[in-house]
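What the coordinates show
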There are 4 protein chains.
Amino acid sequence: MSSYGEKIKLTVFGESHGEAIGAVIDGVPAGYKIDMDKVLVQMARRAPGKDKTATPRVEKDFPNVKSGILNGVTTGAPICCVIENTNTKSGDYANLMDKPRPGHSDYTAYVKYDGNNDIRGGGHFSGRLTAPLVFVGAVLRQILEQKGIKIAAHISSIGSVEDKPFDPVDIDDKLIDELSVSPFALIDREKEEPMREVVENARTNLDSVGGTVECAVVGMPAGVGGPLFGGIEGTIAKAIFGIPAVKGIEFGKGFESSTMLGSENNDEFEYNGEKVVTKTNNSGGILGGISSGMPVIFKAAIKPTPSISKEQATINLQTGNNDSLVVKGRHDPCIVPRAVSVVEAVAAIAIFDLL
Amino acid sequence: MSSYGEKIKLTVFGESHGEAIGAVIDGVPAGYKIDMDKVLVQMARRAPGKDKTATPRVEKDFPNVKSGILNGVTTGAPICCVIENTNTKSGDYANLMDKPRPGHSDYTAYVKYDGNNDIRGGGHFSGRLTAPLVFVGAVLRQILEQKGIKIAAHISSIGSVEDKPFDPVDIDDKLIDELSVSPFALIDREKEEPMREVVENARTNLDSVGGTVECAVVGMPAGVGGPLFGGIEGTIAKAIFGIPAVKGIEFGKGFESSTMLGSENNDEFEYNGEKVVTKTNNSGGILGGISSGMPVIFKAAIKPTPSISKEQATINLQTGNNDSLVVKGRHDPCIVPRAVSVVEAVAAIAIFDLL
Amino acid sequence: MSSYGEKIKLTVFGESHGEAIGAVIDGVPAGYKIDMDKVLVQMARRAPGKDKTATPRVEKDFPNVKSGILNGVTTGAPICCVIENTNTKSGDYANLMDKPRPGHSDYTAYVKYDGNNDIRGGGHFSGRLTAPLVFVGAVLRQILEQKGIKIAAHISSIGSVEDKPFDPVDIDDKLIDELSVSPFALIDREKEEPMREVVENARTNLDSVGGTVECAVVGMPAGVGGPLFGGIEGTIAKAIFGIPAVKGIEFGKGFESSTMLGSENNDEFEYNGEKVVTKTNNSGGILGGISSGMPVIFKAAIKPTPSISKEQATINLQTGNNDSLVVKGRHDPCIVPRAVSVVEAVAAIAIFDLL
Amino acid sequence: MSSYGEKIKLTVFGESHGEAIGAVIDGVPAGYKIDMDKVLVQMARRAPGKDKTATPRVEKDFPNVKSGILNGVTTGAPICCVIENTNTKSGDYANLMDKPRPGHSDYTAYVKYDGNNDIRGGGHFSGRLTAPLVFVGAVLRQILEQKGIKIAAHISSIGSVEDKPFDPVDIDDKLIDELSVSPFALIDREKEEPMREVVENARTNLDSVGGTVECAVVGMPAGVGGPLFGGIEGTIAKAIFGIPAVKGIEFGKGFESSTMLGSENNDEFEYNGEKVVTKTNNSGGILGGISSGMPVIFKAAIKPTPSISKEQATINLQTGNNDSLVVKGRHDPCIVPRAVSVVEAVAAIAIFDLL
């Protein structure tokens, strides 16, 4: 299912080289002002072709709002956004029909859909499907902001180069505002150069490289979420794993907390004069599945993009023999910088569904 | 929401010191033979009090099947299981009403439910609520086994002591069978002693310690799952984060893949004479959200149990002042060994919902 | 699926002659006071054996609340209610295993569950499963009342004897209060005698008789519901058809409106000095799927109970031949009086899910 | 919510005078051939402007398939259909902003959306939103036909003129085929003239008139559906009430069965030499919520369209006073003939969701 949500109903549709991609979201309340320029800023952050970390394709990716927003205000009816596919070169993908790309969905989709899925450009599995996600997130985060909730993410690492993490108990509002519009979002800007080098190395080696994205939700009121399957972690995780290439997620100290003692990991409570806070925030702002009022912080692991131009062993579904493959076409050596806006957008979708 | 599932509808109910806990599951097809002895084996693996890693409480935890199974066969109607609470000492929790325990849900639940939630023994947030999950999983995995799918997990680490991981391309059926009934499940049994030492150290220091659980699903046919929000990762993640104390999850190489090159991470396909396999299985058996036919492998991070007997700073909701707390009562210094059966059970629930 | 709800998650479980029946409901907010005496009043209205219109069985039907209510107040955790089956005589049903009763679910359930369903006493299809529905409704309507919404129904007809309908624009609060606790709910009490005669005639002829129940929801604020599949009509209808034996539902003038002109059927608006009302209420308080603030009124058609003691033609699943059947056991000649409380309860469930 | 479905996820979007209307449906399996000409036949049946029973507007209503169908075959990805709005005259609706039309959603939507909904042409509540429903139904019924299930409906009545009903135990395949493409679907063609007279009378009197649509699903295998809230009746009813103007639904004998004796209403089983059938089909092919293998038959009541050109009393939301209104614009005096294809389409959606 390409659908998500309990309180909202979101469906993402389209194939990479089909007529269009887009999304429909039902359950957005009426009366919220949506600034389309802010939406386009987010779309631009995700769009490829800006620098050497990204694919040289030029996508237009203009989101045509077909319904649900009238004179810049939500009407309460479902919002549908359609992004026409204009710049598609399907010839590049011809040999993939027979030879599934390692690390990609070609083989598993072939089995699931019995060969009927649209394989051109990755079809419905293409990273291009994150464009409508960014659109939806860009709309919903404007509504969240009107409720005092802001979301920002940054490139936490590319390869083994790491950015400085968020200070989990004290995230500056200015930092949030800067990161959430940055095309190469970093807390420590000194890391841009070494990260770009890692990507450039991969590119020149016809290879690709992965990374991590850390995301913070600030202004989250305490008391949101729920026990067991209603928890914030599960709700965000289900959404974030909807982004192609995500292979892991952790909240707060996450995997590191598994090596800690309870006395180290527990976040002690205190009144800070104004409200209840925790002295540390190893829990990532979530206790018992419910928000504590501290920043909600999580990190997602993104695998290296599987489409590389090195020769790889694979099978030939036509001949039934082992074979080899060189993937042609235009591909990102590293999708992590572009993934930042997608992670923010999907976090916005999940948080919105929780509220 | 304490409910889960698209094709099945599962609701877990009960409070730790209330009258009973249990689960109802709708959508289990008719005609499957269920061996209750196998169910009790799983319940026993999770039950506390067996050794020093666990709480000295003696729970009876007998699952009374109220409906849905007749003469050992599923009827197709919802299965309800009730576990009466018999051995509860609520006095121990009196001071928690006012002073929320660091790392626990006391404060966040207080905010969410405006003080009306049952706080005794953790109430609906208690780890005890995993007992009905194990029951449900123990039923569903018997059905999965009849379809050729087996699930096993092991203690991947406690503190910094690590077990050997699964061989992701070749998991022995005998290993699966052994692990899936083991009360202290390890691939490398040499690690039991050092792990128990870590736990004993924590216990004598009035502290607790976390760990990780690695889980494998073997016999999974290729083609299960789907793109975007219908992926296996998101479906399993949503379920696994329903287990209290889980703070992270990764599939295949997970976070490690974020530091890898595409050429290292991609799993090359080959015909092995019999069927399509991948030479490596860094993807954890999942490509594009869909199973590849290789073992589905994931790892969950479990934080140290927050209930420790060391003095900790907290707030007093009654006085509105900062305060301190020593948690009394019977608590596990390490829940990871018991969590193994819970992770397996919840994996079974998620896989069942996908099929 | 025996489950219902978008915002709430309700599952009804149990088989008529199994160990127990009951219900679990997730999504009930914390902090609402529940008067168990009022719940028992509703359970008693539905319980059989009070007079000649009902089956002579004596059910205890005591609802054991296992979770979710503490000291008479909802905790916010799922509410589970278990009703033990104590008075079951399964011998009476032995011959039904082979010979499906006309008008009953025996044959269709046999096909669906491949013979594995519990057929004793109707199993999961028994009218007895309405007892947990009444429990859940009795809890939820107390919460609705605290929001100013009251629900009452009456026997609109039995056979061809009709009660007076609700005045759709002016329903007296006292009438609502009286009907909603009445064991034989009528607006015009003169109709009790002729209705009982119809039932008694059916009973002495080893036959049964159907009827209709009209239900009103008053105090419903304007603006609840939604367009298309989010409408009040569809939400209530899905719930009401969950009651065994319901074969039709209409809102406001319903089928009669299909014979009317627009000028007759349209409800003109007016300010009555205090608020917006409609001069008539042919729409049953619903326009475009959304409440108008007028009473929500619907009528459900209930077929005659299929378990009659007359000889009927049927098939023999064992022999594969045509056969005949005389249904033994204790059966209601008319379930309509008892159905009144069920319709009210299920209306409460649907309205609660909409709010 | 404008969304529907358990196994499928359908969302209908758009506003009557907005940029476009359409639908997205997730969960349609891959590999089914879809004949777009057959889809257009259904769209044409619903389209207005063909004769005097309908509005003189000329809608183009061409369904642009944006995704999910490639080379005439379903890909397994969500199907999105967009119908651009080209022929809209919004000026006609200016005075409705202040004066809600009796019988229409203007007032209730105004309350729900706090005045932010798109009121032009009825906005998201317009009957025009049934065009995407017909598209979706036209796709799904082609898949159903490949499984041997056919659906047809007819004008059961307009005003007090009634068509002959389906013979519930013997529905000719040729009749099904004829009705399901007919623009004025009748079993007894003699009734066309008197029905058109009723409509023409309403039209010349600036009035409108309602009617009923009877629908049959043939080829339905026995054993589909389920108990309680999983029943066929509730699933179909929820969908059918999603059609604007539907105010009632009944299955089989429906309301008439409420006046019958059990011995009259029960459908006796027999082997007819080939399979199990019932001698009568008063149940409408559904017992215990599950299909019996007999035709599934239901009837929907459609109120007279509320947009009439007679002067009606209403309120003025601007002035806060009582007022009067003459609705201008182009409106159907009777939507029943066009509703036939919509009922069929929505029945197809519901049946598809059940399978």
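The sections below set out a description of the structure shown in this document. (Residues numbered from 1 in each chain as written. Chains lettered and ligands numbered in written order. Predicted model: local features only at pLDDT ≥ 70, side-chain atom pairs only at ≥ 80, totals over all residues. Heavy atoms only, no water.)

**Here's the deal with the relation of the copies chain D and chain A**
- Of the two same-sequence chains, chain D is brought onto chain A (RMSD 0.0 Å, axial shift 0.0 Å) by a rotation of 180°. Expressed as a symmetry operation, the mapping of one chain copy onto the other fits a two-fold axis. Across chain D, the smallest distance between a C-alpha and the rotation axis is recorded for V24 of chain D, namely 3.7 Å. (Least-squares fit on C-alpha atoms with pLDDT ≥ 70 in both.)

**Notes on the relation of the copies chain B and chain A**
- After a rotation of 180° and a shift along the axis of 0.0 Å, chain B superposes on chain A with an RMSD of 0.0 Å.
- Taken as a fraction of all interface residues of chain B, those also at the interface in chain A reach 100%, which identifies the copy contact as same-surface. (Contact = heavy atoms within 4.5 Å.)

**Considering the interface of chain B and chain A**
- Residue-level contacts link 96 residues of chain B with 96 residues of chain A.
- Summing the contributions of chain B and of chain A, the shared interface buries around 7,500 Å²; its carbon and sulfur component is 64%.
- For chain B, the biggest contributors to the area lost against chain A are L228, F229 and K247 of chain B; these three give 13% of the whole.
- Linking chain B with chain A are two salt bridges.
- Across the pair E233 of chain A and K247 of chain B runs a salt bridge, and its minimum N-O distance is 3.0 Å.
- Across the contact surface, chain B and chain A share 38 residue pairs in polar contact (both at pLDDT 80 or more).
- Per-class residue counts for the side of chain B that touches chain A are 43 nonpolar, 39 polar and 14 charged.
- Two elements, strand β11 (residues 246-251) of chain A and strand β11 (residues 246-251) of chain B, share three bridges in a ladder whose sense is antiparallel. Bridge assignment links E250 of chain A to a residue of β11 of chain B, and that residue is G248 of chain B. (Buried area = accessible area lost by both parts, 1.4 Å probe. Salt bridge = Lys/Arg side-chain N within 4 Å of Asp/Glu carboxyl O. Polar contact = N/O pair within 3.5 Å; in protein donor to acceptor, adjacent residues only side chain to side chain. Nonpolar A, V, L, I, M, F, W, Y, C, P; charged D, E, K, R; others polar. Pairing = 2+ DSSP bridges. Helix = DSSP H or I, 4+ residues; strand = E, 2+ residues; numbered from the N terminus.)

**A few points about the pattern of salt bridges**
- For the coordinates displayed, the defined rule picks out 86 salt bridges over all chains.
- Of the charged contacts in the structure, one is a salt bridge between R46 of chain C and D61 of chain C, with a shortest N-O distance of 2.9 Å. Here R46 of chain C is found in helix α1 (residues 36-46), whereas its partner D61 of chain C is found in the loop between α1 and β4 (64-67), with 15 residues between them in sequence.
- Residue classification places R46 of chain C among the buried positions, given a relative accessible area of 2%.
- On the accessibility criterion, D61 of chain C (5% relative accessible area) is buried.
- The shortest N-O distance in the salt bridge between R101 of chain D and D106 of chain D comes to 2.8 Å.
- Residue R101 of chain D is classed as buried on the basis of its relative accessible area of 2%.
- Here D106 of chain D falls in the buried class, since its relative accessible area comes to 4%.
- Each member of the salt-bridge network shares a partner with another, and the members are E19 and E84 of chain A together with K66 of chain D. (Buried < 20%, exposed > 50% of the residue type's maximum accessible area, 1.4 Å probe, protein only.)

**Here's the deal with unusual backbone geometry**
Residues and elements named next belong to chain B.
- At N71, a residue that is not glycine, the phi angle is positive and equals roughly 55°.
- Here N71 shows up in the loop between β5 (69-70) and β6 (73-74).
- Residue classification places N71 among the exposed residues on the basis of a relative accessible area of 73%.

**Things to note about the sheet that holds strand β1 (residues 3-4) of chain C**
Residue and element names in this part refer to chain C.
- What the five strands build is an open sheet, ordered β1-β2-β3-β7-β4; its pairing is antiparallel. The open sheet is flanked by β1 and β4, the only strands paired with a single partner.
- Where β4 meets strand β7 (residues 79-84), three bridges bridge the pair, whose relative direction is antiparallel. Paired with V65 across the bridge in β7 is C81.

**Concerning the interface of chain D and chain A**
- Each side of the interface is counted separately: chain D has 38 residues, and chain A has 38 residues.
- A buried area of about 2,800 Å², summed over both sides, lies between chain D and chain A, and 61% of it is on carbon and sulfur atoms.
- Looking only at chain D, the three residues that lose the most surface to chain A are M1, K66 and N116 of chain D, adding up to 20% of its buried area.
- Linking chain D with chain A are four salt bridges.
- With a shortest N-O distance of 3.4 Å, K66 of chain D and E19 of chain A are connected by a salt bridge.
- Taken together, the links from chain D to chain A amount to 14 residue pairs in polar contact (both at pLDDT 80 or more).
- Listing elements by their share of the side of chain D that touches chain A, those giving two or more residues are β2 (9-14), β3 (20-26), β4 (64-67), β6 (73-74) and β7 (79-84) of chain D.
- Looking at the side of chain D that touches chain A element by element, the count peaks at five residues for β2 of chain D.
- Here the residues of the side of chain D that touches chain A are counted per class, giving 15 nonpolar, 14 polar and nine charged.

**Focus on the side chain of T212 of chain D**
- Examined against the element boundaries, T212 of chain D turns out to sit in strand β10 (residues 211-218).
- On the basis of relative accessible area, T212 of chain D is assigned to the buried category, the value being 5%.
- Of the polar contacts made by the side chain of T212 of chain D, one reaches the side chain of S157 of chain D; its length is 2.6 Å.
- The residues touching T212 of chain D, leaving out its near neighbours within four places in the chain, are F255 and S258 of chain C together with H154, I155, S156, S157, K299, A300, A301 and V336 of chain D.

**Quick word on the side chain of S258 of chain C**
- Positionally, S258 of chain C belongs in the loop between β11 (246-251) and α7 (262-265).
- Separated by 2.6 Å, the side chain of S258 of chain C and the backbone oxygen of F255 of chain C make a polar contact.
- Leave out the neighbours within four places in its chain, and S258 of chain C touches G159, G210, G211, T212, A301 and I302 of chain D.

**Description of the sheet that holds β2 of chain D**
Residues and elements named next belong to chain D.
- In spatial order, the strands read β1-β2-β3-β7-β4; together these five strands make up an open sheet with antiparallel pairing. Edge positions in the sheet fall to β1 (3-4) and β4, since each of these pairs with one other strand and no more.
- Along the sheet, helix α3 (residues 130-146) contacts β2, β3, β4 and β7; its crossing angle with β3, the most-contacted strand, is approximately 35°. (Axes fitted to C-alpha atoms, helices over the stretch in contact; angles between N-to-C directions.)

**Some words on the packing of helix α1 (residues 36-46) of chain A against helix α8 (residues 336-354) of chain A**
Residue and element names in this part refer to chain A.
- For the pair α1 and α8, the least separation of the axes is 7 Å and the interaxial angle reads 140°. Looking at the two axes, α1 sits oblique to α8. In contact with Q42, R45 and R46 of α1, α8 contributes R338, V340, S341, V342 and E344.
- In the contact of α1 with α8, the residues fall into two nonpolar, two polar and four charged. (Parallel < 35°, antiparallel > 145°, perpendicular 65-115°, else oblique.)

**Re α8 of chain A**
- Helix length check: α8 of chain A (19 residues) gives 26 Å between terminal C-alpha atoms against 27 Å at 1.5 Å per residue, within 8%.
- Burial runs high along α8 of chain A: 19 of the 19 residues are buried. (Expected span 1.5 Å × (residues − 1).)

**Looking at the environment of G242 of chain C**
- With respect to the helices and strands, the residue G242 of chain C is situated in the loop between α6 (232-240) and β11.
- According to the relative accessible area criterion, G242 of chain C is buried, its value standing at 2%.
- Other than its neighbours up to four places away in sequence, G242 of chain C contacts L228 and F229 of chain D.

**Focus on the packing of helix α1 (residues 36-46) of chain D against α3 of chain D**
Residues and elements named next belong to chain D.
- Running from N to C, α1 and α3 cross one another at 145°; their axes reach a closest spacing of 9 Å. Of the two possible hands of crossing, α1 and α3 adopt the one that is right-handed. Between α1, through M36, K38, V39, Q42, M43, R45 and R46, and α3, the contact on the second element is made entirely by T130, A131, V134, F135, A138, V139, R141 and Q142.
- Grouping the constituent residues of the contact of α1 with α3 by class yields eight nonpolar, three polar and four charged. (Left-handed = near helix turned anticlockwise from the far one by under 90°.)

The analysis is restricted to geometry; functional conclusions fall outside its scope.
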